[in-house]
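Letter by letter, the chains look like this.
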Amino acid sequence: MAHSFGPDTEPRCVCGALRRANRALTRHYDEHLAPAGLTIARYSLLTTLERLGTPTLAAYARDLAMDRTTLLRNLRPLTEEKLIAVEPARGGRANVARLTARGAAALARARPYWRKAQETLAQRVRAEDVERVLALASALSG
């Protein structure tokens, strides 16, 4: 689809459209994850940490495309709830994050709800469109 960028035309704002879609998706996932006591933001932080293992905070932030200060602010409630631990790395030059047993249990409780959110989304959006959105998201964030 071609977009005109002349003085008499104003294309739809890609950022605005993606932000609206993100709010709707966040609501969708949050509603499904609510019985497990997690939001999609927290679920994402926990699953990313599970995938990374015991990353430095800098590596964790990089993987999430987030600055370290924002990551620390988002991790604070998870550390207070003892879902994750932040501790000095061996050698003490950096801090690392790790998923606690309590965090792993929270993820295990939340996964069926997350899967249900995925399934209900798949009923609204064709599989090939989901793959295109994932590819686009990767291209835009990379």
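As the structure is a computational prediction, the values presented were derived from the model and not from experiment.

**Some details on the overall build of the protein**
Okay, step 1: Along the protein, the regular secondary structure elements total six helices and two strands.
Okay, step 2: N-terminal to C-terminal, the α/β element order of the protein is α-α-α-α-β-β-α-α.
Okay, step 3: For the protein, whose C-alpha radius of gyration is 18 Å, the value lies well above the compact-globule estimate of 14 Å for 142 residues.
Okay, step 4: For the protein, the C-alpha atoms occupy an extent of roughly 60 × 35 × 25 Å along the three principal directions.
Okay, step 5: When the 142 residues of the protein are sorted by exposure, 24% land in the buried category.
Okay, step 6: Contacts spanning at least 24 positions in sequence make up 49% of the contacts within the protein whose residues lie at least 6 apart.

**Thoughts on the UniProt feature "domain: HTH marR-type" (unreviewed entry) in the protein**
Okay, step 1: Those places that UniProt annotates as "domain: HTH marR-type" (unreviewed entry) correspond, in this numbering, to residues 31-130.
Okay, step 2: For residues 31-130, the end-to-end C-alpha separation is 20 Å, with 64% helix and 10% strand making up the annotated structure.

**Description of the pattern of salt bridges**
Okay, step 1: Inspection of the entire model under this criterion finds seven salt bridges.
Okay, step 2: The partner of Arg126 in a salt bridge is Asp129, and the shortest N-O contact between them spans 3.0 Å.
Okay, step 3: A relative accessible area of 48% places Arg126 in the partly exposed class.
Okay, step 4: Its relative accessible area of 18% is what places Asp129 among the buried residues.
Okay, step 5: A single network of salt bridges, built from pairs that share partners, joins Arg126, Glu128, Asp129 and Arg132.

**Examining the nonpolar core**
For soluble globular proteins, nonpolar side chains are generally found buried alongside one another.
Okay, step 1: Residues Tyr43, Leu46, Tyr60, Leu75 and Leu78 are the most contacted members of the largest nonpolar core, which totals 23 residues.
Okay, step 2: Contact partners of Leu46, with chain neighbours within four places excluded, come to Leu38, Tyr60, Leu78, Leu83, Ile84, Leu99 and Leu107.

**Some remarks on the pairing of strand β2 (residues 95-99)**
Okay, step 1: As paired strands, strand β1 (residues 84-88) and β2 are joined by five bridges and run antiparallel to one another. By the bridge assignment for β2, Pro88 is matched with Asn95.

Rules and cut-offs
- Residues numbered from 1 in each chain as written.
- Predicted model: local features only at pLDDT ≥ 70, side-chain atom pairs only at ≥ 80, totals over all residues.
- Heavy atoms only, no water.
- Helix = DSSP H or I, 4+ residues; strand = E, 2+ residues; numbered from the N terminus.
- Rg over C-alpha atoms; globule rule 2.2 N^0.38 Å.
- Buried < 20%, exposed > 50% of the residue type's maximum accessible area, 1.4 Å probe, protein only.
- Contact = heavy atoms within 4.5 Å.
- UniProt positions renumbered as here; feature names shortened; annotations may be inferred.
- Salt bridge = Lys/Arg side-chain N within 4 Å of Asp/Glu carboxyl O.
- Core = buried A, V, L, I, M, F, W, Y, C linked by side-chain atoms within 4.5 Å.
- Pairing = 2+ DSSP bridges.

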